[in-house]
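# Results of the structural survey
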Amino acid sequence: MADIKFEIKENTGILSESPKGWKKELNLISWNDKETKFDIRDWDPDHKKMGKGVTLTVDELKKLRDVLNGMEL
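Residues numbered from 1 in each chain as written. Predicted model: local features only at pLDDT ≥ 70, side-chain atom pairs only at ≥ 80, totals over all residues. Heavy atoms only, no water.

## A look at the packing of aromatic side chains
Threshold: Pairing of aromatic side chains requires ring centres within 6.5 Å, counting the rings of Phe and Tyr and the six-membered ring of Trp. Pairs whose planes differ by under 30 degrees are stacked, by over 60 edge-to-face, and all others tilted. Runs of E in the DSSP output that reach at least two residues are strands. Runs of H or I that reach at least four are helices, and both are numbered from the N terminus.
Tallied over the full model, the rule gives two aromatic pairs. Judged by centre distance (5.8 Å) and plane angle (50°), the rings of F6 and W31 are tilted. Residue F6 is found in strand β1 (residues 6-17), and its partner W31 is found in strand β2 (residues 23-31); the two are separated by 25 residues along the sequence. Three or more aromatic residues joined by ring pairs form one cluster here, namely F6, W31 and W43.

The structure is reproduced here in structure tokens:
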């Protein structure tokens, strides 16, 4: 399997933290030197290991915001 290159350009926010110190974060990330995208996933404290996540364009993030704003919680 090929190595995945990533660079966290901006840490936008922490959504939660596990007892083991892993944090679910919303970050602006460049994957494999490509255009930055917003990304939600779990990270270890050193940002060396990551869990599965979802990557969103700006338009997708805006649509997600609109969907969440329309929900009754």
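## Observations regarding unusual backbone geometry
Note the threshold: Residue exposure (1.4 Å probe, protein chains only): buried if accessible area is under 20% of the type maximum, exposed if over 50%, otherwise partly exposed.
Despite not being glycine, D33 shows a phi value in the positive range, around 60°. With respect to the helices, strands and loops of the structure, D33 is situated in the loop between β2 and β3 (37-43). For D33, a relative accessible area of 58% puts it in the exposed group. Look at H47: it is not a glycine, yet its phi comes out positive at around 55°. Examined against the element boundaries, H47 turns out to sit in the loop between β3 and β4 (50-56).

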